[in-house]
Amino acid sequence: QAQGDAEAGKAKAATCVACHGNDGNSPTDMYPKIAGQHASYLEKQLVEFKAAATGGVGRANAIMAGMVMGLSEQDMADLAAYYASEAITPVATPEEVIEAGEALYRGGDLERGITACIACHSPRGEGLESAKFPRLSGQHPAYIKAQLQAFRSGERDNDPNGMMRDIAKKLTDADIEVLSQYVAGL
Ligand code: HEM
Ligand code: HEM
């Protein structure tokens, strides 16, 4: 695996700015924030966008496919190191989702077989670099919602061992609405 260099990554990020913003904090929620995300997770996603784009198993996305086609393993490691070194801007949680969001996030739901999100995404939604568990706090709620729906439908299927698929399958639309707003503000 290539060792990422944040300085080199910054120099390679010119084409990403149009969607992900100057520093990885995308100004509109049409695109995810990638600032402050773990390098290990970012690199995995880039590698998997390219794998899917070249006919292999990975993360299929028409827009990102075009972006990663020309990237080498070194480029992807450098870009991941660069975005990981930037800080993500915070998001506020609306008061009305805190109670239900916190209950599911921290406790899961034993009866419905939903594993608590906190087990992998950590108490403050910071994820875990060593395990490639992504940070959720600070992310756009609309993007989080879209990803939970994509895991649930199977459209996004690059989660190791179906970890997210198995959980998302058990989430209702109302759960997804609450969780996506709650975790963004953790
Ligand atoms: C998603 C990196 C350029 C649109 C992502 C993700 C990464 C990434 C790491 C996954 C985020 C996550 O899983 O949390 C990059 C890099 C770029 C680049 C390094 C430059 C080389 C662009 C551009 C666009 C774009 C120019 C718009 C034309 C998107 C969209 C998604 C995404 C729409 C979400 C895909 C989905 O819904 O699954 N990008 N990106 N990206 N990016 Fe980029
Ligand atoms: C990815 C939310 C529970 C492991 C994600 C993403 C979201 C999310 C929104 C996509 C992040 C992005 O694209 O930037 C949640 C919520 C949970 C939950 C709301 C509780 C209902 C868990 C649990 C685990 C887990 C319990 C571990 C067993 C992962 C992993 C990924 C991920 C490994 C990355 C998949 C990949 O490599 O592409 N989660 N999660 N999550 N989550 Fe969760």
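Our subject is the structure listed above.
How each quantity is defined
Residues numbered from 1 in each chain as written. Chains lettered and ligands numbered in written order. Predicted model: local features only at pLDDT ≥ 70, side-chain atom pairs only at ≥ 80, totals over all residues. Heavy atoms only, no water. Helix = DSSP H or I, 4+ residues; strand = E, 2+ residues; numbered from the N terminus. Rg over C-alpha atoms; globule rule 2.2 N^0.38 Å. Buried < 20%, exposed > 50% of the residue type's maximum accessible area, 1.4 Å probe, protein only. Arc of directions from axis to C-beta. Contact = heavy atoms within 4.5 Å. Donors = N, O, S within 2.8 Å, 3.2 Å for Na, K, Ca; no water. Tetrahedral: all angles 85-135°; square planar, octahedral: opposite > 155°, others 65-115°. Near = heavy atom within 4 Å. Polar contact = N/O pair within 3.5 Å; in protein donor to acceptor, adjacent residues only side chain to side chain. Nonpolar A, V, L, I, M, F, W, Y, C, P; charged D, E, K, R; others polar. Axes fitted to C-alpha atoms, helices over the stretch in contact; angles between N-to-C directions. Parallel < 35°, antiparallel > 145°, perpendicular 65-115°, else oblique. Left-handed = near helix turned anticlockwise from the far one by under 90°.

Draft legend 1. Quick look at the overall build of the chain. Helix and strand counts for the chain come out as 10 helices and 0 strands. Listing the helices and strands of the chain from first to last along the sequence gives α-α-α-α-α-α-α-α-α-α. A compact globule built from 186 residues should have a C-alpha radius of gyration of about 16 Å, and the chain, at 16 Å, falls within 12% of that. C-alpha extents for the chain along the principal axes are approximately 45 × 35 × 30 Å. Per-residue burial over the chain gives 43% buried out of 186 residues.

Draft legend 2. Region of the structure containing helix α6 (residues 98-107). Turning to α6, its buried residues number three or more, namely Gly101, Leu104 and Tyr105. Looking down the long axis of α6, one finds its buried residues gathered within 95 degrees of arc, a one-sided arrangement. Across from the buried face of α6, at angles greater than 90 degrees, the exposed residues are Glu99 and Gly107. Contacts from the buried residues of α6 go to α7 (118-121) and α10 (173-184). One or two residues past the end of α6 sits Gly108, with phi positive at roughly 65 degrees.

Draft legend 3. Just the coordination of the iron atom of ligand 2, in detail. The protein atoms that coordinate the iron atom of ligand 2 are His121 (NE2) and Met164 (SD), at distances spanning 2.0 to 2.2 Å. Here the iron atom of ligand 2 binds 6 donor atoms, and the angle range of 85 to 180 degrees at the metal identifies the geometry as octahedral. Placement of His121 in helix α7 and of Met164 in helix α9 (residues 163-168) is noted, with a sequence separation of 43 residues between them.

Draft legend 4. Quick peek at the site of ligand 2. Residues in contact with ligand 2 amount to 24 residues; listed here are only the nearest, Lys44, Cys117, Cys120, His121 and Met164. For ligand 2, an oxygen atom lies 2.6 Å from a polar atom in the side chain of Lys44. One of the side-chain N or O atoms of Asn158 is found 3.1 Å from an oxygen atom in ligand 2. Among the secondary structure elements, those contributing two or more residues to the shell around ligand 2 are α3 (39-53), α7, α8 (141-153) and α9. Among the elements that make up the shell around ligand 2, the one with the highest residue count is α8 (5 residues).

Draft legend 5. Geometry of the coordination of the iron atom of ligand 1. For the iron atom of ligand 1, every protein donor is listed as His20 (NE2) and Met64 (SD), and the spread of their distances is 2.0 to 2.2 Å. Around the iron atom of ligand 1 sit 6 donor atoms, and with donor-metal-donor angles ranging over 87 to 179 degrees the site reads as octahedral. Remark: Met64 occurs in helix α4 (residues 62-68) and His20 occurs in helix α2 (residues 17-20); sequence separation between them is 44 residues.

Draft legend 6. Expanded view of the site of ligand 1. Taken together, 20 residues are adjacent to ligand 1, and Cys16, Cys19, His20, Tyr41 and Met64 come closest. Between Gln147 and ligand 1, the recorded distance is 3.1 Å, taken from a side-chain N or O atom to an oxygen atom. Of all the secondary-structure elements, those providing two or more residues to the shell around ligand 1 are α2, α3, α4 and α8. Ranked by the residues each element gives to the shell around ligand 1, the list is headed by α3, at 5 residues. Grouping the constituent residues of the shell around ligand 1 by class yields 14 nonpolar, 5 polar and 1 charged.

Draft legend 7. Structural detail: the packing of α3 against helix α5 (residues 73-85). Running from N to C, α3 and α5 cross one another at 140 degrees; their axes reach a closest spacing of 8 Å. With respect to their mutual orientation, α3 and α5 come out oblique. When the axes of α3 and α5 are compared, the crossing they make is right-handed. Residue-level inspection shows Ala39, Leu42, Glu43, Leu46, Val47 and Lys50 of α3 in contact with α5, the latter providing Met76, Ala77, Leu79, Ala80, Ala81, Tyr83 and Ala84.

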